[in-house]
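# Structural characterization, general
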There are 2 protein chains.
Amino acid sequence: MQTENLLEIIKKRRSIREFKKKKVAGPIIEKALEAARWAPSGLNNQPWKFKVLEGEERESLAQYTKYNKVIECADKLILVFLDKESSYNHKKDLMAVGAAIQNILLYLHSQGIGTCWLGEILNKAKEVEAKLKTGPQLELAAVIALGIPQKQPSPKKRKSLTEIIL
Amino acid sequence: MQTENLLEIIKKRRSIREFKKKKVAGPIIEKALEAARWAPSGLNNQPWKFKVLEGEERESLAQYTKYNKVIECADKLILVFLDKESSYNHKKDLMAVGAAIQNILLYLHSQGIGTCWLGEILNKAKEVEAKLKTGPQLELAAVIALGIPQKQPSPKKRKSLTEIIL
């Protein structure tokens, strides 16, 4: 259950790369995708699709990234695709997809579920798309590995506010 | 004060296009940028910069978008830039910027502040960058208009979960 306020949730979320051998319940994943569904997008075009993988299907993606261990120990993966059929501006649509991903990460963190936003696997996006036969209208944008965190890593550094405000 | 849980915050956030003639306190804006600061990014590169405009500076941007009325009645604008000096992959960096924007929108909504993510103004990004003399390393990614909502608009439609899950 959520006991923190939003800013605490945002600040305490971390990339989790080691997970316990425990299952994350299906309804939590569904709520995470419900969170993604309510992200904003330009012209409300909602240029996203999601695919949840577990078990052998999940493991079969480990070969496409040097972060294979994260995929191997995760309970599930959420694949995030940019839906080119709904797309109207690639740049704005990528930002909308980023907003949807952040909704997923924040919601799962608020429920005690760890996530890791994997980007390096995009180097093999074409191979992943071919393996999953997702069709030409979907462009792999991210893979989110998730599970029960093995431990809470210490905070990563961030630039100071004065560095990022003009 | 925040009384809703995260999923309610995510689902109830709307684009707000009409604002009351009231000020949003500076510390709330600072916390919104603090929320942005903790967004995830590839290799933790944090490829973002922000600029807050109000008063005449804010009004001077209205000429660059057909949504000039949103800018005219907003209390403040948060300009969001992709920082090309910190960038390593334009696609991933745009998604990271989208995650940072979503943190801002969610945090402000949780505090009763309305926001509108303006994308159409990107058609005049070069003109805005020139006017603000932001330099060649910054690429305008979004303008967020914000203020006290005049009213709460009714929900926009979203695709159903079955439409967006493969």
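Residues numbered from 1 in each chain as written. Chains lettered and ligands numbered in written order. Predicted model: local features only at pLDDT ≥ 70, side-chain atom pairs only at ≥ 80, totals over all residues. Heavy atoms only, no water.

### As for the interface of chain B and chain A
On the chain A side, the residues contacting the 63 residues of chain B number 63 residues. Interface of chain B and chain A: buried area, both sides summed, is about 5700 Å²; carbon and sulfur atoms make up 64% of it. When the buried surface of chain B facing chain A is broken down by residue, Trp-38, Arg-158 and Leu-166 of chain B rank first, second and third, together holding 14% of it. For the pair chain B and chain A, the interface holds 4 salt bridges. The shortest N-O distance in the salt bridge between Lys-11 of chain B and Glu-34 of chain A comes to 3.1 Å. Run the count over chain B and chain A and you get 36 residue pairs in polar contact (both at pLDDT 80 or more). Those elements giving two or more residues to the side of chain B that touches chain A turn out to be helix H1 (6-12), helix H2 (26-37), strand S1 (48-54), strand S2 (76-83), helix H5 (90-110), strand S4 (138-147) and helix H7 (161-164) of chain B. The greatest single-element share of the side of chain B that touches chain A, amounting to 15 residues, is contributed by H5 of chain B. Here the side of chain B that touches chain A is built from residues that sort into 30 nonpolar, 13 polar and 20 charged. (Contact = heavy atoms within 4.5 Å. Buried area = accessible area lost by both parts, 1.4 Å probe. Salt bridge = Lys/Arg side-chain N within 4 Å of Asp/Glu carboxyl O. Polar contact = N/O pair within 3.5 Å; in protein donor to acceptor, adjacent residues only side chain to side chain. Helix = DSSP H or I, 4+ residues; strand = E, 2+ residues; numbered from the N terminus. Nonpolar A, V, L, I, M, F, W, Y, C, P; charged D, E, K, R; others polar.)

### Focus on unusual backbone geometry
Residue and element names in this part refer to chain A. In this structure, Lys-133 is a non-glycine residue whose phi angle is positive, near 50°. Within the secondary structure layout, Lys-133 lies in the loop between helix H6 (125-132) and strand S4 (138-147). Judged by its relative accessible area of 72%, Lys-133 falls in the exposed class. (Buried < 20%, exposed > 50% of the residue type's maximum accessible area, 1.4 Å probe, protein only.)

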